[in-house]
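# An overview of the molecular structure
Residue strings, one per chain:
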Amino acid sequence: MQVATQPLTNLFLRALYYNVQRLGLHIHPYLQKTIRPLSASQPSSCSLVLGYLQLLFWSRVNDRESVHPSALMSSIKEWMHLVFDPSPLGLAIAIILALSIPIFLHTVVFRASGLTTLPTILLIGPSGSGKTALLTLFERENKPATTHTSQAPLTAECSLPVDTVAASNKYRSVNDPTNQVHKKFLLVDTPGHGKLRHHAFQNVTNTSNLRGVIFVVDATTLGAGEEGLREAADYLHDLLIVMQKLMGEGKSSKAPKELPILIAANKMDLFTALPAALVKSSLEREITKVRVSRSKGLLDSGVGLGDEQDEEKDDWLGEMGSEDFKFSQMEEFDISVEVAGGNVLGADGASTESWWRWKIGALRYNIHEAEIAVGKIGRKPRVAMELRRLKMTTIDVESLEKEGEKKESGAQAVSRKKRKTRDGKRGKIEISEGKEVINLDGSSTEDETASETESEDGGPARKKLKSSTEPSTPSQAKKDLEKIRTFKVLKVDWYYDSVKAGKILPMDGYLVYEGRPVQEPAQDLISTNASPPSRGSDILARAVADAKSSPSTAYMKHGNARYHKPTKSVTRPTHLLHQTTSEHDDPEKFPPLPDYLTKLYSCERPTPLHSPNDEFINLLKKIKTARQLNSDAIGVRAYSTLIASIAAYPYKLTSPTEVLRLPGCDQKTALLFQQYQQTGTLAEVTDVENDARMKVLLDFYNIWGVGDHTAREFYSRGWRDRDDIIEYGWERLTRVQQIGVKYYDEFLTPIPAAEVEDIGAVVLKEANEIIPGYQMVIVGGHRRGKPFSGDVDIMLTHPDPEATLNFVPLITDRLEELGWVTNVLQHSLANSARGQAPVAYKSPRPSGSGFDTMDKALVVWRDIRYDKAKHEKNPNIHRRVDIIITPWKTAGCGILGWSGGTTFQRDLRRYVRKVKDWKFDSSGMRDRRDGEWLDLEGSVVGWGEGKLREKEMKVFEMCGLAWREPWERCTG
DNA sequence: CGGCATACG
DNA sequence: CGTAT
DNA sequence: GCCG
C-alpha cells in the first residue's frame, strides 16, 4: 500500500502546486512530502510548505468534486482522469482514503519569502583536508555565477539546481519530496589552521540561519596513532563543544532547532584512505581521549569543588558521565552527526554524492520558516497539539492581548474547559449496566471537529482577531504577512476559496489560531494543564511562572538541552566522595554489617517492608522511575539493586561511607546519600518533579497497558494529558489501553488488605463450585504484608493435575457470568500448550503432566454486592485481579515466583543460574545443561494444611538458600 | 568491558 | 511492546 | 550504576 501511494500522491500534489502558482505562491515541502515544481520559473513571492498534505487533498478532492467544479477541479482534471479512470487505481484511492481518515495532520504551511537570510552551511576542517577544493567543486557544480568575497572566511553563494539534485539521487523518483529544498544557500569556508579556529567557531555562533556544518577530514591521515587523527579529533571536539553550547542555550534566538553536521571523509579514492565507518569509530575513540584530557585540565586548574562540577558540565562534550564518546550522544542537543566518504579530486572525477544528499537534507524547508498553515483542523487545542508535535512553539496572541488588557482568566482556560466537557459528552466510554462496553465506535473525530468549528469556536474570538490584525485586501494581506511576524493557522477553505477566486483572499473568517513564535524550548505554552503554578491560568503568566519555577537553578543557569529533551541518562560524572573526618565517618563506629548484607543477591537476605531509611529509598525510587521514563533500562536495574540493598540494611544510615559498604552501592550512591543528608532531598528528584514532560510521561505510564515506550510515543504526538489521548487518539488505543484509561483513577486506588482477602475468598469459593478441592494462596504484595495493594494476585492450585489443566477459562468465565469480572484483559495458557509438546529431546518427565499449566488471567474485578436501596448503580470501584493457576507439583515454585518483589525475583534467577546453572521461573526449575525439568518439591507429600508452605520452603532448600518469609522479600 | 530475569500475549 | 513477580 |  505504501508503495502504491507515492506516485498517486504526487499527482495530486502537482495539481495543488499548479494552483498555488496561479495564486502567486510557490510550493515547498515539509516533512519530506512534497512535489517537484512544474516549471523552472517560479514566482517567488511566497513559498508553501506541505505536511502530509496528500491526505487532505484526497479527501478534499472527493468531497468537492461535485460541489464546486471550480478552478481547482478544472486544473487538475487531467490528473483526475489519470487517477480515477483506470479502475484498479480508483480502487486503490478508495482504500487509501479509508485508511487515512484517522490520520490527524492536515496542514499546509506557507510563508512570505525574502524575509530570512539565505541558509548557510559552514565548511570547517583542518588545513589540508581539501575544504577549499570542495568549495570550488560545489561552485563548479552550480550553474549560476558565484561571487567570492575577498575577506576570510571565504563565502560563496551557491544554488542547488534541480537537475543536479535529481542526478545525485538517481534512484529516487523525480517527484520525490526530498528534492524540495532551499535552492540558494551560502557556503562559508573557514580557515583550517589551528591559530585561526576561533574564526570558524565564531561563524558557528554568529551565523544566522545556519543549516549545517561540514567538517572535512582527510581520510588518508586518520590511521591509528597518526598526528592527523589527533589533530582532527581535537578540532572536531572543540567544534562540537561550540555547537553543543549553542544548541544548549536554546533561547538565545540564534540557535537553530537542529544543527546537523556532516563529517566528510575526503580523498576516499586513495587506497590509503580509511573507510567511512572506520573514520567514524576512530574519531569517536580519539574524541573520547580528548574529552578526558580536557576535563582533566580543568580539574587540575584547581577550582573549588562546587563550582567545578558546573564548570565542567559546560565543557563536557556529549553525555554526562558517559565513558565513551559517541556521536549519537550529540542527538540530545539536536545535533545529528553523519559520516560519509567521498572525494573532491580523483581519476574518475569527483565523488560527492553522499555529501550532496546530506546537504539537501540540511537545506530542506521546515515549519519554523513558515508563517501560515492551513489545515482541516478547526479548533485551537487541536492546533496547539499539532504544533507541539512539530516542535513549533508559539504563544497565542489572544492570550497576549489578554495580558495587555490585564488579567481576566484567560480565554484559553475557558476553551480548555469547554473541551473537557465536550469530551464527557462525546462519551467514548459507555456503560451499559451489568456489562461494560468500551465503545470502539470510530465515528470520525475529524468530521466532527471540522463541522463544529463554525458554530463553536468561531464567533467572538475570531472577530476580535480580525479587527486587530486582519487585512482586508489581498495585497494588504501580503504586506501584513511581512510586517507581523506571527504564525497563523487558517482553515483550508481559505485556500480553496482563494483558488476559486483566483487571488489571495483576506483571511477573516478563516483564522483558527494565531501565535507568536517563541525561541525558548518552553514546552507547554499553548495548552496544558501540567504544572499550574499560577491559578490565574493565563497562558503567558503560566509560561513565565513555568520558566521561573522550573528546574533547579543549576539547570537554568547552564540552560542545557537536557532540560527539554533528556533522551539519555543525564547524570553528572561521578566525583570522588569528599572525605571529611568526623566521628560519624569513622568506620569503627558503624553498626556491624550483618553477614547477609555481604551477599550479592537480594534473595539471600531478609528485606523487610519498611526500613529506617525509607525516606531516602523513596527518593531513589523516584530516580529509578525517571530512568524508566527516559528509557534507561540499565539505570533501572542499577537503582533496583541498590535500593534492595539499602532496604535490607536494618540501621539508619549516618554517613556516606556507611553506604559504601553495602552491595550494589558505590561512590555515586554515597554521593546521593550525602546530598540527601545535607539537603533532605536529591537534586535529580527535584529536577524531575519540576519537569513538565516527566509529569506527563508519568501520568501516561500509569495507564494500564501503557509502558514507558508508549508513554513517550503519546508525548511525541503532542498529547499532554489523558484528555488529549481520549480526544485525539482513542481509536488508536488498544482495547486494554482503553480500559486502562477508563479506570485510570480506580486502578490507582490502593486496595486495603481486607478487601484483598475478600476477593481471594470469592475466587476460591467459585473455583470450588466448579471443581471441589481447590486451595488458594494470595500472593503478590499482599503476601509480603503490604497493608494496601495495587492489585490482587490469587494463586489457585489443586492436588489433582487434571483439575488445574486448562482451568483458567473455566474460572474466568464463571466469574464473568456472575458479574465479579467485568473484563478479561489477558489470558495466558501457553504452559498448557507447552505441556503437550515438552522438550522432546530429553527423557520424559516424571509421571503425569508435569509442566502442564501455569496459566493466568489478568482481569478487571468489581464487587457485585451493594445496597440496591441506596444506589441505582453498582458504586464499587474496579480492581485489577490476577488469577494464577499452578499445578500442584510445582506449586512451591509458583508461590515463590509470585511472592517476592521484582528485584528478589531477578536476583533469585541470577542466583540459581550462577550457583546451580539452573533456570527458574514460576512454572518450575530446569537444568540449563540439558533442559531437564527438576522436581524440587516432590519430597513433600500429601496436600493437607501447610503443605504449600512446606513445598515453598523445600524450593529454597534445594536452591541452597536460607528460608525467607514472604514479608522478608520486600526488595521494592 | 560484558552482563544485568524470565516468561507469555 | 505490553504484562506479571 | 555496579560487579567480576
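Figured I'd write up the structure that's included with this text. (Residues numbered from 1 in each chain as written. Chains lettered and ligands numbered in written order. Predicted model: local features only at pLDDT ≥ 70, side-chain atom pairs only at ≥ 80, totals over all residues. Heavy atoms only, no water.)

### Comments concerning the protein's contact with DNA strand C
Within the structure, DNA strand C sits among 18 residues, and Gly 707, Thr 710, Arg 784, Asp 793 and Gly 900 are positioned closest to it. The sugar and phosphate moieties of DNA strand C supply 85% of its atoms located within 4 Å of the protein. In the environment of DNA strand C, a phosphate oxygen lies 3.1 Å from a nitrogen or oxygen atom belonging to the side chain of Asp 791. Between DNA strand C and the protein, one listed contact pairs a sugar or linking oxygen with a side-chain N or O atom of Asp 882 at 3.4 Å. For the surface near DNA strand C, the secondary structure elements donating two or more residues are α28 (708–716), β22 (879–887), α37 (891–899) and α38 (902–916). Tallied by class, residues from the surface near DNA strand C come to 3 nonpolar, 9 polar and 6 charged. (Near = heavy atom within 4 Å. Polar contact = N/O pair within 3.5 Å; in protein donor to acceptor, adjacent residues only side chain to side chain. Helix = DSSP H or I, 4+ residues; strand = E, 2+ residues; numbered from the N terminus. Nonpolar A, V, L, I, M, F, W, Y, C, P; charged D, E, K, R; others polar.)

### Remarks on the pattern of salt bridges
Applying the stated criterion across every chain yields a total of 34 salt bridges. Residues Lys 131 and Asp 189 are paired through a salt bridge, measuring 3.8 Å at the closest nitrogen-oxygen approach. One end of the pair, Lys 131, is in helix α6 (residues 131–141); the other, Asp 189, is in strand β6 (residues 184–189), with 58 residues separating them in the sequence. For the pair Lys 131 and Asp 189, a shared accessibility class is recorded, and that class is buried. A salt bridge links Arg 388 to Asp 724, with the shortest nitrogen-to-oxygen separation between them at 3.4 Å. Of the two residues, Arg 388 sits in helix α13 (residues 380–389) while Asp 724 sits in helix α29 (residues 722–729), which places them 336 residues apart along the sequence. This pair shows no difference in class: Arg 388 is buried, exactly as Asp 724 is. Here the salt bridges do not stand alone but share partners, grouping Lys 380, Asp 396 and Glu 398 into one network. (Salt bridge = Lys/Arg side-chain N within 4 Å of Asp/Glu carboxyl O. Buried < 20%, exposed > 50% of the residue type's maximum accessible area, 1.4 Å probe, protein only.)

### Describing the sheet that holds strand β5 (residues 154–159)
One open sheet holds the 6 strands; their spatial order is β5-β6-β4-β7-β8-β9, and the pairing between them is mixed. Looking at the sheet topology across the chains shown, the edges are occupied by β5 and β9 (337–341). When the angles between neighbouring strand axes are averaged without regard to direction, this sheet yields 25 degrees. Where strand β8 (residues 261–266) and β9 come together, 5 bridges link them in parallel fashion. Bridge pairing in β9 links Leu 262 to Glu 338. On top of the sheet, helix α8 (residues 197–206) reaches β4 (120–124), β6 and β7 (210–218); it is set at about 160 degrees to β4, its chief contact. Those strands touched by helix α12 (residues 353–362) are β4, β6, β7, β8 and β9, and its axis lies near 170 degrees from that of β8. (Pairing = 2+ DSSP bridges. Axes fitted to C-alpha atoms, helices over the stretch in contact; angles between N-to-C directions. Contact = heavy atoms within 4.5 Å.)

### Some details on the packing of aromatic side chains
Counted by the stated rule, this structure contains 14 aromatic pairs. Their ring planes at 75 degrees and their centres at 5.2 Å tell us that Phe 616 and Phe 673 sit as a pair that is edge-to-face. Here Phe 673 lies in helix α25 (residues 667–679) and Phe 616 lies in helix α22 (residues 614–629), a separation of 57 residues in the sequence. Residue Phe 616 is classed as buried on the basis of its relative accessible area, which comes to 1%. Accessibility expressed as a relative area gives 3% for Phe 673, which makes it buried. Ring geometry for Phe 616 versus Tyr 676: centroids 5.2 Å apart, planes at 25 degrees, classification stacked. Highlighted residues: Phe 616 in helix α22 and Tyr 676 in helix α25, separated in sequence by 60 residues. Owing to a relative accessible area of 12%, Tyr 676 belongs among the buried residues under this scheme. It is Arg 722 that lies over the ring of Tyr 744; its NZ or CZ is 3.4 Å from the centre. (Phe/Tyr/Trp six-rings, centres within 6.5 Å; stacked < 30°, edge-to-face > 60°. Lys NZ or Arg CZ within 6 Å of the ring centre and 35° of its normal.)

### Observations concerning the protein's contact with DNA strand D
Taken together, 11 residues form the shell around DNA strand D, and within it Leu 600, Ile 634, Gly 664, Lys 668 and Thr 669 come nearest. Backbone atoms, meaning sugar and phosphate, make up 69% of the atoms of DNA strand D lying within 4 Å of the protein. At a separation of 3.0 Å, a phosphate oxygen of DNA strand D approaches a polar backbone atom of Gly 664. Those elements that place two or more of their residues in the surface near DNA strand D are α23 (633–647) and α25. Ranked by residue count, the leading element in the surface near DNA strand D is α23, at 3 residues. Looking at the surface near DNA strand D residue by residue, the class counts come to 5 nonpolar, 3 polar and 3 charged.

### A closer look at the nonpolar core
Membership of the largest hydrophobic core comes to 43 residues, with the highest contact counts inside it found for Leu 236, Leu 239, Leu 240, Ile 261 and Phe 327. For this core, the secondary structure elements donating two or more residues are β4, α8, β7, α9 (227–249), β8, α10 (276–300) and β9. Broken down by element, this core gets its largest block of residues, 12 residues, from α9. Contact partners of Ile 261, with chain neighbours within four places excluded, come to Val 213, Phe 215, Leu 236, Leu 239, Leu 240, Met 243, Ile 335, Ser 336, Val 337, Glu 338 and Trp 358. (Core = buried A, V, L, I, M, F, W, Y, C linked by side-chain atoms within 4.5 Å.)

### Notes on the packing of helix α32 (residues 753–770) against helix α35 (residues 808–818)
Two numbers describe how α32 lies on α35: the axes approach to 10 Å, and their chain directions differ by 115 degrees. Classified by the angle their axes make, α32 and α35 are roughly perpendicular. Remark: the crossing between α32 and α35 carries right-handed chirality. For the pair α32 and α35, the contacting residues are Val 763, Glu 766, Ala 767, Glu 769 and Ile 770 in the first and Leu 810, Ile 811, Arg 814, Leu 815 and Leu 818 in the second. Here the residues of the contact of α32 with α35 sort into 7 nonpolar, no polar and 3 charged. (Parallel < 35°, antiparallel > 145°, perpendicular 65-115°, else oblique. Left-handed = near helix turned anticlockwise from the far one by under 90°.)

### Details of the sheet that holds strand β25 (residues 933–934)
Here 3 strands make up an open sheet; going across it, the order is β23-β24-β25 and the pairing antiparallel. Each edge of the open sheet is held by one strand with a lone partner, namely β23 (918–921) and β25. Two elements, β23 and strand β24 (residues 924–927), share 4 bridges in a ladder whose sense is antiparallel. Pairing of Phe 920 across the sheet is with Met 925, part of β24. Packing of α38 onto the sheet brings it into contact with β23 and β24, and relative to β23 it is tilted by some 160 degrees.

### Some details on the pairing of β4
For β4, a buried count of 5 out of 5 residues is recorded, marking the element as mostly surrounded by other parts of the structure. Of the two faces of β4, both are covered, the one formed by Thr 120, Leu 122 and Ile 124 as well as the one formed by Ile 121 and Leu 123. Pairing analysis gives 4 bridges linking β4 to β6, with the strands arranged parallel. Bridging across to β6, Thr 120 finds its partner in Leu 186.

### Some points on unusual backbone geometry
Positive phi values are uncommon outside glycine, yet Lys 267 reaches one of about 65 degrees. Turning to its location among the elements, Lys 267 is positioned in the loop between β8 and α10. Even without a glycine there, the phi angle at Ser 631 is positive, about 50 degrees. Looking at the secondary structure, you find Ser 631 in the loop between α22 and α23.

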